[in-house]
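Chain residues, written in single-letter form:
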Amino acid sequence: MEFSGRLGAVSMSELLQWPHNERRSGSLVVRTSRREKRVLFERGLVVGCVSGDPAEYFGQHLLLNGFLEREPLLEALSLCRRSGARLGTALVDLGVLSPESASWALAKHVEERVCDLFLWRHGVFYFLQEMPEVGDRLTEPLDPLALALEGTRWSDEHDRIRELLVHDGVVVRPGAAPPPDEPSALEERILNYADRARRLDELYRAVQGSYFRFLSAVYRLLVAGVLDVEALEEELEPKSDVRMFDLLLEQAASEEVLFSARHLSLPLEWLDRFFPLWVNTGEGAAPTAEELAFYRRLDGSRSLRELVLTDVEPGARQERMDLVLLQLQQGQLALLPRRIEELRSRDRGFRKAWVQRFLK
C-alpha cells in the first residue's frame, strides 16, 4: 500500500494511527527541506524517534530538564566515544542515573520529539519497512493514541502562545519582576541568556532543546513579568541549507548521528542548479489541480531555483519544496544537468547514445 504524501493533507494523528492499525514495523519518515525525523514502530507501537536536529539530542533533553549537570554529561559522552555505548547506558554505568530514571527520561524524550511533529506546518511523509541503525529503543513502547492526544494539546497550546509571541522576531528583555524562587532548569537557562534584549530565534539558538518547551517557558516568564516584550522585528525567512549548531559535546554521542551513509543530508544550494523533469508514473495518490499545475511546470526547462525561489511568494516556497521532495521520494522526478532543450540540441549535434535513450 502506498503511504506517502504532504503534511496538511493528512493529520499527524492519522499518520501515527496508520502503522498502529496495520500493526506495521518500520519508520515513519517526516521531512522538510531542512529537517527530518523518523518515528520508529514495532508492531504498531512507538519505540523510538530519531532526529537530525542537534538541538533535540538526548543530552540536551537531560540538561534542560534537570536530570544532570554539564560535567557528568561530558563524562558520559566521553565514555560513549571510547566504548561505543549508548548515552543512557553510559549514564547508568557511571551511576549518574538509575536504570528507572534513564528509561523514564528516554521515554519523555521520545514523546517530545514525536509531539514536536504536530507543530510542523509543511513537509512530506512516507513509511519505510526498515529501522535505522541509530537511536535508542524504548523497552516499554508508547501508545500512538496517547501521543496523538498529547501532540494535539501541544498544537493547541502553541497556537495560544503565538497570539502573544506572533513569530520569532519578537524581542524580549528582562522584566521588572524578580525571577521565580525555584525556576526549572529550562527557565534558569533562558534567564541566563536573556540578560539583555534578544530576539526569540537568537535566544533559542543559545538555549536549544524542544522548541515548544522553550516557547512555553518564555510565555510563562512573560506572564509573570520576569521577561517583557521590547519590540517586534521582521521575521527572518528560514534558510534552505542544512543548519549546523555549535554542539560539539553532543556530537560525541554517536548513537544520535543521523547522517550515516544511508541518510545523507545535502544543502539545497547543491541541487538548485538542476532542471527537474516530472516523470508521471501514475503511482501514488492523485494530485490536486493546484499540485498538478505545478508538476506540469517541472518540464526540464526551468531550474529548481527558478521554480522554488525566484518569482515565488515567500509563503509558497516551502510548499513547492515539499512537492519537489515528495516527487523525488516517489521516484517521479529526474534532475537534468542542463535545460532539456540544450540536451536535445546536443543530441542532434553529437548523437550521444545516452541522450538518445533519455530523450527518445
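Residues numbered from 1 in each chain as written. Predicted model: local features only at pLDDT ≥ 70, side-chain atom pairs only at ≥ 80, totals over all residues. Heavy atoms only, no water.

Novice: How would you summarise the overall build of the protein if you had to cite specific residues and measurements?
Specialist: On a plain count of helices and strands, the protein comes out with 15 helices and ten strands. Here the protein holds 360 residues, and 48% of them are scored as buried. Look at the contacts in the protein between residues 6 or more apart in sequence, and 74% of them connect residues 24 or more apart. Carbon and sulfur atoms form 50% of the exposed surface of the protein, whose accessible area is close to 18600 Å². (Helix = DSSP H or I, 4+ residues; strand = E, 2+ residues; numbered from the N terminus. Buried < 20%, exposed > 50% of the residue type's maximum accessible area, 1.4 Å probe, protein only. Contact = heavy atoms within 4.5 Å. Areas by Shrake-Rupley, 256 points an atom, 1.4 Å probe, with all protein chains shown as cover.)

Novice: Go over the packing of aromatic side chains, please, and point to the residues and values.
Specialist: Counted by the stated rule, this structure contains nine aromatic pairs. Centre to centre, the rings of Phe-67 and Trp-104 are 6.1 Å apart; their planes meet at 50 degrees, and the pair counts as tilted. You can see Phe-67 sitting in the loop between helix H2 (58–64) and helix H3 (70–83) and its partner Trp-104 sitting in helix H5 (residues 99–116), a full 37 residues away along the chain. Residue classification places Phe-67 among the partly exposed positions, given a relative accessible area of 23%. Judged by relative accessible area, Trp-104 falls into the exposed class, the value being 52%. Judged by centre distance (4.3 Å) and plane angle (20 degrees), the ring pair of Trp-154 and Phe-212 falls under stacked. With a gap of 58 residues between them, Trp-154 in helix H6 (residues 144–161) and Phe-212 in helix H9 (residues 211–223) connect regions that are remote in the sequence. Exposure class is identical for Trp-154 and Phe-212. Each is buried. (Phe/Tyr/Trp six-rings, centres within 6.5 Å; stacked < 30°, edge-to-face > 60°.)

Novice: So what about the sheet that holds strand E1 (residues 4–6)? Which residues, and what values?
Specialist: Within a sheet, each strand pairs with its neighbour through backbone hydrogen bonds, oriented either parallel or antiparallel. The strand order E1-E5-E2-E3-E4 describes an open sheet built from five strands, whose pairing is antiparallel. Pairing within the sheet leaves two strands with one partner each, and these edge strands are E1 and strand E4 (45–51). Sheet twist, expressed as the mean angle between neighbouring strand axes with direction ignored, is 20 degrees. Relative to E4, strand E3 (residues 36–42) runs antiparallel, the two sharing six bridges. Paired with Glu-42 across the strands is Leu-45, a residue of E4. Lying over the sheet, helix H1 (residues 12–22) contacts strand E2 (26–31), E3, E4 and strand E5 (124–128), oriented at roughly 165 degrees with respect to E2. The strands touched by H5 are E3 and E4; relative to E4, the strand with the most contacts, the crossing angle is about 75 degrees. (Pairing = 2+ DSSP bridges. Axes fitted to C-alpha atoms, helices over the stretch in contact; angles between N-to-C directions.)

Novice: Describe the pairing of E3, with residues and values.
Specialist: The element E3 is extensively covered by neighbouring structure, given that six of its seven residues are classed as buried. Judged from the six bridges that link them, E2 and E3 form a sheet pairing that is antiparallel. Within E3, the residue paired with Val-30 across the bridge is Lys-37.

Novice: I'd like a rundown of the confidence of the model for the protein, residues and numbers included.
Specialist: Averaged over every residue, the pLDDT of the protein is 82; the share at 70 or more is 83%. Within the protein, no element has a lower average pLDDT than helix H10 (residues 248–251), which sits at 36, and none a higher one than H6, at 96. Residue range residues 239–265 is modelled with pLDDT below 50. Its contacts to residues more than four positions away, or to other chains, number 61 contacts. (pLDDT = per-residue confidence, 0-100.)

Novice: Got a sec to walk through the sheet that holds strand E7 (residues 198–199)? Specific residues and values, please.
Specialist: Taken in spatial order, the three strands of this open sheet run E7-E6-E8, and their pairing is antiparallel. The open sheet has two edge strands with one neighbour each: E7 and strand E8 (227–232). Examined bridge by bridge, strand E6 (residues 170–174) and E7 share two bridges and lie antiparallel to one another. Opposite Val-172, over in E7, you have Arg-198 as the bridge partner.

Novice: So, the side chain of Glu-112: which residues are in play, and what are the values?
Specialist: Within the secondary structure, Glu-112 is located in helix H5. Dropping the residues within four chain positions of it, Glu-112 is found in contact with His-61, Asn-65, Trp-154, Ser-210 and Arg-213.

Novice: Hey, could you go over the packing of helix H7 (residues 185–193) against H9 for me, with residue numbers and the actual values?
Specialist: It is at 10 Å that the axes of H7 and H9 come closest, and there the two elements cross at 75 degrees. The angle between the axes of H7 and H9 places the two elements in the roughly perpendicular class. Taking contact as the criterion, the partners of Leu-186, Glu-187, Ile-190 and Leu-191 in H7 are, on H9, Arg-213, Phe-214, Ala-217, Val-218, Arg-220 and Leu-221. (Parallel < 35°, antiparallel > 145°, perpendicular 65-115°, else oblique.)

Novice: Account for H6, naming residues and giving values.
Specialist: Compared with the 26 Å implied by 1.5 Å per residue over 18 residues, the 25 Å span of H6 between its first and last C-alpha is a close match. For H6, every residue scored as buried is listed here: Pro-144, Leu-147, Ala-148, Gly-151, Trp-154, Ser-155, His-158 and Ile-161. Angularly, the buried residues of H6 cover 145 degrees about the axis, an arc narrow enough to put them on a single face. In this structure, the buried side of H6 is in contact with H1, E3, E4, H5 and H9. Capping of H6 at its N-terminal end is provided by Asp-143; its side-chain oxygen lies 3.1 Å from the backbone amide nitrogen of Leu-145. (Expected span 1.5 Å × (residues − 1). Arc of directions from axis to C-beta. Polar contact = N/O pair within 3.5 Å; in protein donor to acceptor, adjacent residues only side chain to side chain.)

Novice: An account of the nonpolar core is needed here, citing residue identities and associated values.
Specialist: Ranked by internal contacts, the top residues of the largest apolar core, which has 40 residues, are Leu-16, Leu-28, Val-39 and Leu-87. Considering each element in turn, this core owes the most residues, six residues, to H5. Membership of the second largest hydrophobic core comes to 24 residues, among which are Tyr-204, Val-207, Phe-214 and Val-226. (Core = buried A, V, L, I, M, F, W, Y, C linked by side-chain atoms within 4.5 Å.)

Novice: Before we move on, could you go through the environment of Asp-53 and cite the residues and values that matter?
Specialist: Residue position: Asp-53 is located in the loop between E4 and H2. Placed 17 residues apart in sequence, Asp-53 and Glu-36 show a C-alpha to C-alpha distance of 7.8 Å.

Novice: Tell me what's going on with the pattern of salt bridges, and back it up with residues and numbers.
Specialist: If you walk through the whole model with that rule in mind, you get 23 salt bridges. Linking Arg-213 and Glu-112 is a salt bridge whose minimum nitrogen-to-oxygen distance equals 2.9 Å. Here Arg-213, found in helix H9, pairs with Glu-112, found in helix H5; they are 101 residues apart in sequence, far enough to count as distant. Judged by its relative accessible area of 9%, Glu-112 falls in the buried class. Between Arg-173 and Glu-230 there is a salt bridge whose closest N-O contact spans 3.7 Å. Residue Arg-173 is located in strand E6, and its partner Glu-230 is located in strand E8; the two are separated by 57 residues in the primary sequence. What you see here is one network of salt bridges that share partners, running through Arg-35, Lys-37, Glu-56 and Asp-116. (Salt bridge = Lys/Arg side-chain N within 4 Å of Asp/Glu carboxyl O.)

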